[in-house]
Amino acid sequence: MAVVSWKEILLLTGLVVGCYWNSLSCGFVFDDVSAILDNKDLRPATPLCNLFLNDFWGTPMAEERSHKSYRPLTVLTFRLNYLFSELSAASYHLLNVVLHAIVCVLFLRVCRLFLDKTSSLVAALLFAVHPIHTEAVTGVVGRAELLSSIFLLAAFLAYTKSTGADHSIVWTPIALTVVLVAAATLCKEQGITVVGICCVHEVFVAQGFTLPMLLDTLRHVLQGKGGFPYALLQTLLKLIVLVISTLLLVIIRVQVIQSQLPVFTRFDNPAAVSSTPTRQMTFNYLLPVNAWLLLNPSELCCDWTMGTIPLVESLLDLRNLATLAFYSVLGLLSYHSLRYKHSSAKTVIMALSLIVLPFIPASNLFFPVGFVVAERVLYVPSMGFCVLVAHGFRVVSHRGRLQKISWLVIGVLLTTHAVKTFCRNLDWQSEYTLFTSALKVNKNNAKLWNNVGHALENQNNYAKALQYFLQATRVQPDDIGAHMNVGRTYKNLNKSREAEEAYLVAKSLMPQVIPGKKYATRVAPNHLNVYINLANLIRANESRLEEADQLYRQAISMRPDFKQAYISRGELLLKMNKLTEARDAYLRALELDRSNADLWYNLAIVNIEMKDPSGALKNFNHALELNPRHKLALFNSALLMQESGEPKLWPEANRRFLAYVEEEPDDANGYFNLGMLAMDANENAAAERWMRKAIGLQAGFRSALFNLALLYSQSRREGDALPVLDELLRHHPEHVKGLILKGDILMNHQKDTRGAKACFQRILRADPSNVQGKHNLCVVYFEEHDLPRAERCLEETLALAPQEEYVRRHLSIVRGKMAAMSAAGQPLALTGETGEETAERASEEGPGEEGRGADVVTGGAEEEKNVRKSSAERREGVDQSEPLGGGGAEGRTRGKSTKQIKDIEQKRAAALRRLEEIERLLSSD
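Residues numbered from 1 in each chain as written. Predicted model: local features only at pLDDT ≥ 70, side-chain atom pairs only at ≥ 80, totals over all residues. Heavy atoms only, no water.

K.L.:
Explain the overall build of the protein chain here, please?
P.N.:
Of the regular secondary structure elements, the protein chain holds 40 helices and 0 strands. Within the span of the protein chain, comprising 925 residues, buried residues form 54% of the whole. (Helix = DSSP H or I, 4+ residues; strand = E, 2+ residues; numbered from the N terminus. Buried < 20%, exposed > 50% of the residue type's maximum accessible area, 1.4 Å probe, protein only.)

Here you go:
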């Protein structure tokens, strides 16, 4: 075997880079979304063992909705990509290009086994640039083909060294071959077919047998004229070892999928559910279709399902001629290669084995698969095709007159294929470009119209997306998914009536329950989402909540393992205040998927509604163990710790808020709550910094502005507080507590009674029954030495709040003062008590726990409440129900620690003592 030179390696690598460098700018499209973006097995938080328990898409193999594609080594390379670059698409595409270059080099070494140096290089160059490989190389999920091909070629090369110089068996290469076959199979299922290729090579190339020779030997043995030749016995021994190893791999593979084939519908592969002979004629016609893609890759399409290739329903269909021609050519090549012993025959038989054997698992001939035609499964079969082309080139080029023409044809072929590949990569830039390019090739595939609609939907271009979804329903009127897409888009366009009509059409197309027949085997799992989508739509109407619940229960009855139905029903039951049933729904969902952080989070929300904060915190912690970056769990668990009033929990709450703002750096709520924690811990500098950050992100952030002003006021920085209050009142002119705080600062610290009076009057204009605003206005009248008006004001205040004893006492004091002044003959417009003292006294006795020391200000840190929301799982094709409450509100309610309660009580006691002193002074006058 000629060694591959460095020049040839550089030539192949350069050609691959030249054809595929523009693929580095492509994103994640089509199946990449499910395999990469939505696959939790890529995340470091997921245990590595899950890779060997789940399918290629991250679904547990035990679940019926699993695709049963078991490729853990491929997923492992995705995980390594994620480890180094997370979801940067360029790194994934770069590794695919590198792997394709490695395959090309290995393929060149394989070609050297049965082609000369020039023609083997031609085969490798053609393989490097063939446009049919675009899907396997530029599509990230095509890595399964690339990795499987590397191990497949390596296994074949290892096996070719299993015969010693003296024709003895060398077992080490055979053992290595078995290991590499297993690795190839763990990358993609077709890797196991290399065993068949090794068998063909051993019998017809290494041992030089032909089919007539084998038949003659067998006839002589059966007639008793002799035994098997020693060389044949050695060959049989090696093949038996390979076959037994292969059977063990097959048994393990069957055990992994639990002896269940994946569930496919007529939309995935229409011929698979057709009757005889339509099914057989259609599947056989697909063979020349695939051969034509290798011969003429001018019209490539990313999706060949549904109506792309009409069924062959009649023997008179002219397409049967293509099938007949294909089998005729295949038969002639097989006859030539099996009958003769020369090198040309050996080359052809190896080319045919590379074409036929790896394609068998995807051929639909022995068992149905989830597609009609898939370009990426032609990656390995194209090797055999390239060998045939190169062999033909060698034969023709050896004829003098045709030598130049043959070189010209090969040059043109390589150039046109390279250009086509380069241009085809551009189609994979985005989902929109990919699916619109596919529609140019095939307009009879409803799935393509749907996928263009999805791409437009992701751009929030709902009106245009609706046009594509409607066209999908016209192309395939019984496509349940298309009608679901129409309904979802109408909902996004706020056309609820039209959305409901579309969902009802989709629901009417669902297969009816047949007694004794398992429902799930006749419907795609995602089609059951029509019940979820319809229920999510009608539950917006409070009078139809029971109807929505009935739809959720119907979906669950059809599929008891339908996790999303339990999640959505749990949200609805929580909305209906059926807390116990909501909890049971989430617990049932957790039985199906205990590794779902969103479910633990939702259960924590139910715990909060059931007044079980310890249970809520426990479930929040479960969610964070599974996903340490779960933003909602970080925020709401920190909020729960903050509200607990236990200082020992505040450091952890602070850590979680910091983690939250790291995930959501533009969310002002996280910084606001960090500021509130700092205020609780008397860390005023940190509190000011966090509040300023929150206000900078959200202009007019009401709670942040008020609490920053309150912080300044409590820190005796009233001059800094006033500009903040002015900004607060500019955005929220009727903010009562802001007006009270501003009035207090103006009266007690700025001696601006006129400004304070204006603040309190604004409160009363908005709310004439506001007791605190009314009371503080009475204090202003006292400050202005207008005792009769202060008396009338306090009387009105007492009428509004007869239960407030402090108002009654203040009124008594004013009346006593007025009586004393009248007895002394002093005008009632004068007072022996300074306005400042009176204002201080009045302000010290605020209503309830809202009083803050000597201020007449309500406790602003208790202004509003952060409302939590539930997070539903995101599934393609499912409308998400409305969250349980709004997201991140501005303020929050917090519990009081023992220290805080003592501080409040001490302030109240001090205020009462000062009031008693003032009362004694007034009485002595």
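K.L.:
Sorry, what's going on with the pattern of salt bridges here?
P.N.:
Once the charged atoms of two side chains with opposite charge are near each other, the side chains can pair. In total, this model carries 40 salt bridges according to the counting rule given. Across the pair Arg112 and Glu8 runs a salt bridge whose closest N-O atoms are separated by 2.5 Å. Here the residue Arg112 occupies a position in the loop between helix H4 (89–111) and helix H5 (117–129), and Glu8 occupies one in helix H1 (residues 6–20), the gap between them amounting to 104 residues. By relative accessible area, which is 7% here, Arg112 ends up buried. (Salt bridge = Lys/Arg side-chain N within 4 Å of Asp/Glu carboxyl O.)

K.L.:
I'm lost on the state of the cysteines in this one. Help?
P.N.:
Two cysteines, two sulfur atoms, one covalent bond between them: this is a disulfide. If you walk through the whole model with that rule in mind, you get 1 disulfide. Across a sulfur-sulfur distance of 2.0 Å, Cys778 and Cys793 are joined as a disulfide pair. Its S-S torsion of approximately -85° makes the covalent link between Cys778 and Cys793 left-handed. Taken as a pair, Cys778 in helix H36 (residues 771–783) and Cys793 in helix H37 (residues 787–800) lie far apart in primary sequence, 15 residues in all. For the pair formed by Cys778 and Cys793, the shared burial category is buried. Residue Cys302 stays outside any disulfide, its sulfur separated by 5.1 Å from that of Cys301, the closest cysteine. (Disulfide = S-S within 2.5 Å.)

K.L.:
Even after reading the chapter, I still don't get the packing of aromatic side chains, so can you show me in this structure?
P.N.:
The relation between two aromatic rings is expressed through the spacing of the ring centres and the mutual angle of the planes. Overall, the coordinates contain 15 aromatic pairs when judged by the stated rule. Their ring planes at 45° and their centres at 5.1 Å tell us that Phe107 and Phe127 sit as a pair that is tilted. On the criterion of sequence distance, the pair formed by Phe107 in helix H4 and Phe127 in helix H5 is long-range, its members being 20 residues apart. Among the residues examined, Phe107 registers a relative accessible area of 0% and is labelled buried. Between Phe635 and Tyr660, the ring centres sit 5.0 Å apart and the planes meet at 55°, which makes this aromatic pair tilted. You can see Phe635 sitting in helix H28 (residues 631–643) and its partner Tyr660 sitting in helix H29 (residues 650–663), a full 25 residues away along the chain. The pair Phe635 / Tyr660 is uniform in exposure class, with both members buried. Members of the aromatic cluster, joined through ring pairs, are Phe56, Trp57 and Phe78. (Phe/Tyr/Trp six-rings, centres within 6.5 Å; stacked < 30°, edge-to-face > 60°.)

K.L.:
Help me understand unusual backbone geometry, please; the structure alone is not making it clear to me.
P.N.:
Keep in mind that most residues, glycine aside, have a negative phi and that most peptide bonds are trans. Across the junction of Thr276 and Pro277, the peptide omega takes the value 5°, indicating a cis bond. Considering the arrangement of structural elements, one finds Pro277 in the loop between helix H11 (230–256) and helix H12 (278–295). Located in the positive-phi region is Asn364, a residue other than glycine, with phi close to 70°. Considering the arrangement of structural elements, one finds Asn364 in the loop between helix H14 (343–356) and helix H15 (381–397).

K.L.:
Mind showing me how you'd approach the packing of helix H9 (residues 194–206) against H14 here?
P.N.:
The relative placement of two packed helices is expressed as an angle between their axes plus a distance between the axes. At a closest axis distance of 10 Å, the pairing of H9 and H14 adopts a crossing angle of 165°. When the interaxial angle is binned, H9 and H14 end up roughly antiparallel. The two elements H9 and H14 cross, and the hand of that crossing is right-handed. From H9, Ile197, Val200, His201, Phe204 and Val205 reach across to H14, where they touch Lys346, Ile349, Met350, Ser353 and Leu354. Of the residues that constitute the contact of H9 with H14, the class distribution is 7 nonpolar, 2 polar and 1 charged. (Axes fitted to C-alpha atoms, helices over the stretch in contact; angles between N-to-C directions. Parallel < 35°, antiparallel > 145°, perpendicular 65-115°, else oblique. Left-handed = near helix turned anticlockwise from the far one by under 90°. Contact = heavy atoms within 4.5 Å. Nonpolar A, V, L, I, M, F, W, Y, C, P; charged D, E, K, R; others polar.)

K.L.:
Even after reading the chapter, I still don't get the nonpolar core, so can you show me in this structure?
P.N.:
The nonpolar side chains of soluble globular proteins are, as a tendency, buried together. Phe107 and Phe620 are the most contacted members of the largest nonpolar core, which totals 240 residues. Looking at this core element by element, the count peaks at 11 residues for H4. In this structure, Phe107 is in contact with Ala123, Ala124, Phe127, Leu153, Met383, Cys386 and Val387, ignoring residues within four places of it in sequence. In this structure, Phe28, Leu51, Phe78 and Tyr82 belong to the second largest nonpolar core, which totals 14 residues. (Core = buried A, V, L, I, M, F, W, Y, C linked by side-chain atoms within 4.5 Å.)

K.L.:
In this structure, what is going on with the environment of Ser334? I would like to understand it.
P.N.:
By the secondary structure assignment, Ser334 is in helix H13 (residues 319–339). The class for Ser334 is partly exposed, based on a relative accessible area of 24%. In this structure, the C-alpha to C-alpha distance between Ser334 and Ala345, residues 11 residues apart in sequence, is 9.0 Å.

K.L.:
What should I look at first to understand H1 in this one?
P.N.:
The terminal C-alpha atoms of H1 lie 21 Å apart, and with 15 residues this matches the ideal 21 Å at 1.5 Å per residue to within 8%. Among the residues making up H1, those that are buried are Glu8, Leu12, Val16, Cys19 and Tyr20. All buried residues of H1 lie within an arc of 85° about the axis, which places them on one face of the element. Counted as exposed and oriented over 90 degrees from the buried face of H1: Trp6, Lys7 and Leu10. In this structure, the buried side of H1 is in contact with H4, H5, helix H6 (134–138) and helix H16 (403–427). (Expected span 1.5 Å × (residues − 1). Arc of directions from axis to C-beta.)

K.L.:
Looking at this structure, how should I read the environment of Leu624?
P.N.:
With respect to the helices and strands, Leu624 occurs in helix H27 (residues 613–626). Note: C-alpha distance between Leu624 and Leu634 (10 residues apart in sequence) is 7.3 Å. For Leu624, the contacting residues outside a window of four places in its chain are His630, Ala633, Leu634, Ser637 and Arg656.

K.L.:
Help me understand the packing of helix H30 (residues 668–680) against helix H32 (residues 702–714) in this model?
P.N.:
Between H30 and H32, the least distance of the axes is 11 Å, while the angle of their chain directions is 25°. Between H30 and H32, the interaxial angle falls into the category roughly parallel. Judged by the twist between their axes, the crossing of H30 over H32 is left-handed. Residues Phe672, Met676 and Met679 of H30 lie in contact with H32, whose contacting residues are Ser703, Ala704, Asn707, Leu711 and Gln714. Among the residues forming the contact of H30 with H32, the class breakdown is 5 nonpolar, 3 polar and no charged.

K.L.:
Please clarify how a nonpolar patch on the surface should be interpreted in this entry.
P.N.:
The grouping of Leu233, Leu236, Ile240, Ile244, Leu248 and Ile251 at the surface amounts to a nonpolar patch, some 530 Å² of accessible area in total. Secondary-structure assignment places Ile240 in helix H11. Owing to a relative accessible area of 47%, Ile240 belongs among the partly exposed residues under this scheme. (Patch = residues over 30% accessible without salt bridge, like charges linked within 9 Å, V, L, I, M, F, W, Y side chains within 5 Å. Areas by Shrake-Rupley, 256 points an atom, 1.4 Å probe, with all protein chains shown as cover.)

K.L.:
Explain the environment of Asn536 here, please?
P.N.:
With respect to the helices and strands, the residue Asn536 is situated in helix H22 (residues 529–538). Measuring from C-alpha to C-alpha, the distance between Asn536 and Arg569 comes to 9.4 Å, with 33 residues separating the pair along the chain.

K.L.:
Mind showing me how you'd approach the side chain of Ser149 here?
P.N.:
With respect to the helices and strands, the residue Ser149 is situated in helix H7 (residues 143–159). Once residues within four sequence positions are removed from consideration, Ser149 is found in contact with Val103, Tyr379, Val380 and Met383.

K.L.:
What should I look at first to understand helix H26 (residues 597–609) in this one?
P.N.:
Spacing of three or four residues puts side chains on the same side of an α-helix, whose turn is 3.6 residues. Over its 13 residues, H26 runs 19 Å from end to end, which matches the ideal 18 Å to within 8%, given 1.5 Å per residue. The buried fraction of H26 is high, at 11 of 13 residues. Packed against the buried residues of H26 are helix H24 (563–575), helix H25 (579–592), H27 and H28. The N-cap of H26, judged by a side-chain oxygen 2.9 Å from the amide nitrogen of Asp598 a few residues on, is Asn596. Immediately beyond the C-terminal end of H26, within one or two residues, lies Lys611, with a positive phi of roughly 60°. (Polar contact = N/O pair within 3.5 Å; in protein donor to acceptor, adjacent residues only side chain to side chain.)

K.L.:
It is not clear to me how the confidence of the model for the protein chain should be interpreted in this structure. Could you clarify?
P.N.:
For residues with low pLDDT, the predicted coordinates do not support detailed interpretation. On average, residues of the protein chain score 85 in pLDDT, and 86% of them reach the 70 mark or higher. Predicted confidence in the protein chain is weakest over helix H39 (residues 835–844), with a mean pLDDT of 36, and strongest over H4, with 97. For residues 830–902, every residue scores under 50 in pLDDT, and the model assigns this stretch 246 contacts once sequence neighbours within four places are set aside. Below pLDDT 50 for its whole length, residues 904–925 participates in 27 contacts with residues either more than four positions away or in separate chains. (pLDDT = per-residue confidence, 0-100.)

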